[in-house]
Amino acid sequence: MKSLLACLFSFAASVVWAASEDPFADAVRTWTDLQGREIQAVFRGIEGEKIKLEKNGQVYLFPITRLRPEDQTYARSLVAPAVPAKSIPPETDPNKPAPLSDLELQVAPEVRVKVIEKFVLQLVNESRKARKLNALGNHDQIAKVARSHSLDMATRGFFSHDNLDGENPTLRAKRAGFTGLVVNPGEPPRLAIHENIGRVGRYASFQLIKRDGKVIRKRIRWQSEAMIAQQLFDGWMASPPHRANILDPAKAYIGVGVHVHREHVFATQNFF
């Protein structure tokens, strides 16, 4: 008699991409076992050393070690303790820089956002290549959606995947006219947009210069575009949910959008 895993991987692949309140909705993906068999299923959690996958409304429970190592790592990252991926209160956000004066900002070096975006894309694909994953293609339409969200966070003063109008990444993409992308003939469009957001400072550090016990000026060490991109990338890779988006084998495309507002650099990554 075939094992449950063998039966599960014998089903024809089928999945509908849609927005959901399900906490594991982002885990609809292709899973591969040690024999190379593939299915598209919904991750439903881990119990001990067993993984739960749902296919066509039925949940299967089997040893996680029967999956290939990459899928084991991805599944465990979904349930690992992590910093929440949504809003971070400003008073507890370690990446929120101290305010700079208008005069200090006037002499600050130019920050070229397109250069940061290119560096971020390069870091993502280098990381995926090192793990033998497909490179993500840059999608211009989704990059515009990402830039718009970074701009919105900066100008309306929030830091969250949902904007102040209650729109999640998928709804924002649809409002911008994105109707999905068919990757292979016969497959449904990729409609769900998954997201990483980040915020770092334009400077790496500053030193207060004092005379007779009084601060006379501030010596600022500004970050280059490459340093900013690396700081953003390192922050995402240190957080299991964000890292899982970057290294998800099921993803094919990415859009990166950066916006600079005073001493802040806001960044959005959208995946599908």
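No experiment lies behind these values; they were computed from the predicted model shown.

S.K.: Hey, could you go over the pairing of strand β1 (residues 29-32) for me, with residue numbers and the actual values?
M.R.: Relative to strand β2 (residues 38-47), β1 runs antiparallel, the two being bridged by four bridges. In the sheet register, Trp31 faces β2, and the bridge partner there is Ile39.

S.K.: Residues and numbers for the packing of aromatic side chains, please.
M.R.: Scanning all chains against the criterion turns up three aromatic pairs. Consider the rings of Phe178 and Phe272, whose centres lie 5.2 Å apart with planes at 65°: the pair is edge-to-face. Placement of Phe178 in the loop between α6 (169-175) and β6 (194-201) and of Phe272 in the segment after β10 (264-271) is noted, with a sequence separation of 94 residues between them. We classify Phe272 as buried; its relative accessible area is 2%.

S.K.: Quick one: what's the story with the pattern of salt bridges, residue by residue and with numbers?
M.R.: Here the idea is simple: oppositely charged side chains can pair when their charged atoms come close. Tallied over the entire structure, the rule returns ten salt bridges. Arg156 is the salt-bridge partner of Asp152, the closest N and O atoms lying 2.6 Å from each other. Separated by four residues within a single helix, Asp152 and Arg156 lie in helix α5 (residues 140-156), roughly one turn from each other. Its relative accessible area of 34% is what places Arg156 among the partly exposed residues. Lys251 is the salt-bridge partner of Asp248, the closest N and O atoms lying 2.6 Å from each other. Residue Asp248 shares its accessibility class with Lys251, and that shared class is buried. The network of salt bridges with shared partners includes Asp152, Arg156 and Asp165.

What counts and how
- Residues numbered from 1 in each chain as written.
- Predicted model: local features only at pLDDT ≥ 70, side-chain atom pairs only at ≥ 80, totals over all residues.
- Heavy atoms only, no water.
- Pairing = 2+ DSSP bridges.
- Helix = DSSP H or I, 4+ residues; strand = E, 2+ residues; numbered from the N terminus.
- Phe/Tyr/Trp six-rings, centres within 6.5 Å; stacked < 30°, edge-to-face > 60°.
- Buried < 20%, exposed > 50% of the residue type's maximum accessible area, 1.4 Å probe, protein only.
- Salt bridge = Lys/Arg side-chain N within 4 Å of Asp/Glu carboxyl O.

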